[in-house]
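# A look at the structure
Here is what each chain is made of, one letter per residue.
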Amino acid sequence: MAEAARSLDVGETLLRSWKQAFDKEGDHAFPGHGQLPTIEAELRQLRADNKRLQAERDILKKATAFFAREAM
């Protein structure tokens, strides 16, 4: 186990937990086959979109306040 962990450059504990998950759940232990499940990928994308939209909103708020001061 230790030699396999070193060759894969992962911790022995992590490798052991992967083995236990595979022994317990078989092919269902790692449903994404190295990819995020669809719901996880969508959640990640939505969070990124939300962050971008909040930044855009903040910029627009600042611009509105700037032009309101200029108009006075």
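This is a predicted model, so every value here is computed, not measured.

We now examine the overall build of the protein chain. Looking only at helices and strands, the protein chain features three helices and zero strands. Overall, the protein chain shows an N-to-C arrangement of helices and strands of α-α-α. Computed over the C-alpha atoms, the radius of gyration of the protein chain is 24 Å, more than 25% above the 11 Å expected from 2.2 N^0.38 for a compact globule of 72 residues. Seen through its principal axes, the protein chain has C-alpha atoms that stretch 75 × 25 × 15 Å. Per-residue burial over the protein chain gives 6% buried out of 72 residues. Carbon and sulfur atoms provide 58% of the accessible area of the protein chain, an area that totals close to 6,700 Å². Side chains of the protein chain carry 12 positive and 12 negative charges; the gap between the two charge centres is 8 Å.

Our next topic: the pattern of salt bridges. Scanning the entire structure with this criterion turns up four salt bridges. Arg 52 is paired through a salt bridge with Glu 56; the nearest N and O atoms lie 2.9 Å apart. Pair noted here: Arg 52 and Glu 56 are both in helix α3 (residues 38-71), with a separation of four residues, about one helical turn. Residue Arg 52 is classed as partly exposed on the basis of its relative accessible area, which comes to 44%. Given a relative accessible area of 37%, Glu 56 falls into the partly exposed group.

Definitions and limits used
Residues numbered from 1 in each chain as written. Predicted model: local features only at pLDDT ≥ 70, side-chain atom pairs only at ≥ 80, totals over all residues. Heavy atoms only, no water. Helix = DSSP H or I, 4+ residues; strand = E, 2+ residues; numbered from the N terminus. Rg over C-alpha atoms; globule rule 2.2 N^0.38 Å. Buried < 20%, exposed > 50% of the residue type's maximum accessible area, 1.4 Å probe, protein only. Areas by Shrake-Rupley, 256 points an atom, 1.4 Å probe, with all protein chains shown as cover. Lys, Arg positive; Asp, Glu negative; His and termini not counted. Charge placed at Lys NZ, Arg CZ, Asp CG, Glu CD. Salt bridge = Lys/Arg side-chain N within 4 Å of Asp/Glu carboxyl O.

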